[in-house]
Amino acid sequence: PDAVATVTTTSVLIVGAGPVGLMLAFQLQIRRVPFRLIEARPGRDYKVKAMGISPRTLEIFDQMGILDEALGRGLFFSALNTVVEGQLQARVAVHPSAEPYGALALGQYDSEAILEAELLRCGGQVEWDTRAVRLQPGEDGVEVEIEGPSGSEVLACSWVAGCDGAPSLVRKSAGIAFEGGRYEQLFLLGDVELSWEHPHSEVWKFIQLSSQGELRNLVVAVPIPGNARRYRLSLAVDPESCEQADPLELLRDTAAPCLPSGTRIENLRWSSFYRVSHRLASRYRQGRILLAGDAAHIHPPVGGLGMNTGLQDAYNLGWKLAAVVQRRAPEALIETYHQARHPVG
């Protein structure tokens with residue numbers, strides 16, 4: 001605490017090394033733009049958060065040369081099924097001719113591992129266990145204090161990219177509004193193994209209705225690659241029943257009435273209670289501060305909207321920021337990032 005912070009300069013500071021920060025770092029690295037990429041976590045975690053990779057993101061992976069790696073780790077969804085009160089009401093099948101640009105099941109940890117490996121191969125790096133603690137925006141840059149294993153450091157940054165998620169310190173320091181709200185319904189997500197007769201490549205929605213025809217229960221089962229029995233279950237739960245409940249038992253008690261008779265839910269790897277929010281930053285740029293990914297927009301988790309939109313944010317921002325930093329384009333080019341990506345968010 002008594003150490004005097006050193007002062008260094010960098011063209012770009014990227015705060016957050018999730019998939020969005022990694023994508024942006026790679027785009028800068030291949031264009032030889034100096035940057036620092038910091039991440040508060042001590043290392044990568046292997047929880048299944050975002051799952052689906054959209055066709056547009058697969059096109060980007062192809063352009064980056066990492067599509068084959070993604071396909072090797074992933075699993076194409078072959079159908080989406082909707083079951084209401086035990087009866088199949090809708091089935092949307094995906095023909096193999098749609099591949100390799102169909103909807104790919106790929107855990108976020110795999111997406112991050114692929115992007116990080118490619119970044120390292122090109123000479124970039126992630127500074128783990130390092131967090132931004134203070135940002136002071138200026139007219140021609142941003143002063144950022146960071147704390148890491150070696151102590152405190154003050155960076156004089158030409159640009160700061162906030163890829164630091166929904167609680168984003170970067171966004172808050174820029175005074176950018178994060179407009180929207182949160183649904184009150186509480187959900188439980190579980191990474192489990194299912195013993196049932198359904199093909200592993202298919203997504204299933206199971207719906208129960210009340211006697212008045214209103215939604216009473218909804219369970220979604222999404223296959224996770226690598227194990228033919230592994231799925232991510234998501235379902236609404238009663239907040240009062242969650243306080244002392246064992247997550248696996250709660251999954252079993254709540255999901256079982258929706259699932260086919262005889263289905264066994266086993267081997268819970270991890271679980272999470274969450275509420276769904278919908279928010280959008282009023283601007284993706286404020287001076288020399290830029291936002292991408294969950295720092296700029298958060299969505300309901302259906303279809304992996306958040307991660308895919310964030311990856312595409314970073315892909316759009318990367319070449320524009322590089323061109324401006326290297327003075328191959330006027331600073332006005334950065335404004336087109338907001339113009340292009342804010343409507344998508």
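The preceding data block contains the structure.
Report on the accompanying structure.

A few words on the sheet that holds strand 4 (residues 75-76). Ordered by their spatial adjacency, 3 strands build an open sheet running 3-7-4, and the pairing between neighbours is antiparallel. Looking at which strands have only one partner, the edges of the open sheet turn out to be strand 3 (52-53) and strand 4. Relative to strand 7 (residues 104-105), strand 3 is paired through 2 bridges, and the arrangement is antiparallel. By the bridge assignment for strand 7, Ile 53 is matched with Leu 104.

Its location among the elements puts Asn 217 in strand 13 (residues 215-223). The exposure class assigned to Asn 217 is buried, which follows from its relative accessible area of 10%. Reaching out from Asn 217, the side chain makes a polar contact with the backbone oxygen of Thr 254 at a distance of 3.0 Å. Non-local contacts of Asn 217, meaning those with residues more than four positions away in its chain, are made with Phe 206, Ile 207, Gln 208, Ala 236, Thr 254 and Cys 258.

A separate point is the packing of aromatic side chains. Counted by the stated rule, this structure contains 6 aromatic pairs. Ring plane angle 50° and centroid distance 5.9 Å describe the contact between Trp 196 and Phe 206, whose orientation is recorded as tilted. Taken together, the residues Trp 196 in the loop between strand 11 (178-195) and strand 12 (202-209) and Phe 206 in strand 12 connect sequence positions 10 residues apart. The pair Trp 196 / Phe 206 is uniform in exposure class, with both members buried. Feature note: the residues Trp 196, Trp 204, Phe 206 and Tyr 231 constitute an aromatic cluster, connected by ring pairs. Directly above the ring of Phe 178 sits Arg 171, whose terminal nitrogen or CZ lies 3.8 Å from the centroid. The ring of Trp 159 has Arg 288 lying over it, and the distance from NZ or CZ to the ring centre is 4.6 Å.

Between its first and last C-alpha, helix 4 (residues 108-121) extends 20 Å over 14 residues, near the 20 Å set by a 1.5 Å rise per residue. Counting buried positions along helix 4 gives 10 out of 14 residues, so the element sits mostly inside the fold. Within the span of helix 4, buried status applies to Gln 108, Tyr 109, Asp 110, Ser 111, Glu 112, Ile 114, Leu 115, Glu 116, Glu 118 and Leu 119. Gly 123 occupies a position one or two residues after helix 4 and carries a positive phi of about 100°.

Rules used in this analysis
Here the residue numbering is sequential within each chain, running from 1 through the sequence in written order. A pLDDT threshold of at least 70 governs which residues receive local features in this predicted model, and a stricter bar of 80 or more applies before side-chain atom pairs are shown or counted, although totals over entire chains, interfaces and linings include all residues. Where side-chain values are given, they derive from all heavy atoms of the structure, hydrogens and water being excluded. At least two bridges found by DSSP between two strands are what make those strands a pair. Secondary structure elements follow DSSP: runs of H or I of four or more residues count as helices, runs of E of two or more count as strands, with numbering from the N terminus. Between buried and exposed lies partly exposed: a residue is buried under 20% and exposed over 50% of the maximum accessible area for its type, with that area taken using a 1.4 Å probe on protein chains only. For the purposes of these results, a polar contact is taken to be a pair of N or O atoms within 3.5 Å, where, inside protein, one atom must be able to donate a hydrogen and its partner to accept one; residues adjacent in sequence count only when each atom of the pair is a side-chain atom. We call two residues in contact when some of their heavy atoms are within 4.5 Å. Any two rings among Phe, Tyr and Trp, with Trp reduced to its six-membered ring, count as a pair given centres within 6.5 Å; such a pair is stacked if its planes are under 30 degrees apart, edge-to-face if over 60, and tilted if neither. Geometrically, a charge over a ring is one whose NZ (Lys) or CZ (Arg) sits within 6 Å of the ring centre while staying within 35 degrees of the ring normal. In this scheme, a helix's expected span is set at 1.5 Å multiplied by one less than its residue total.

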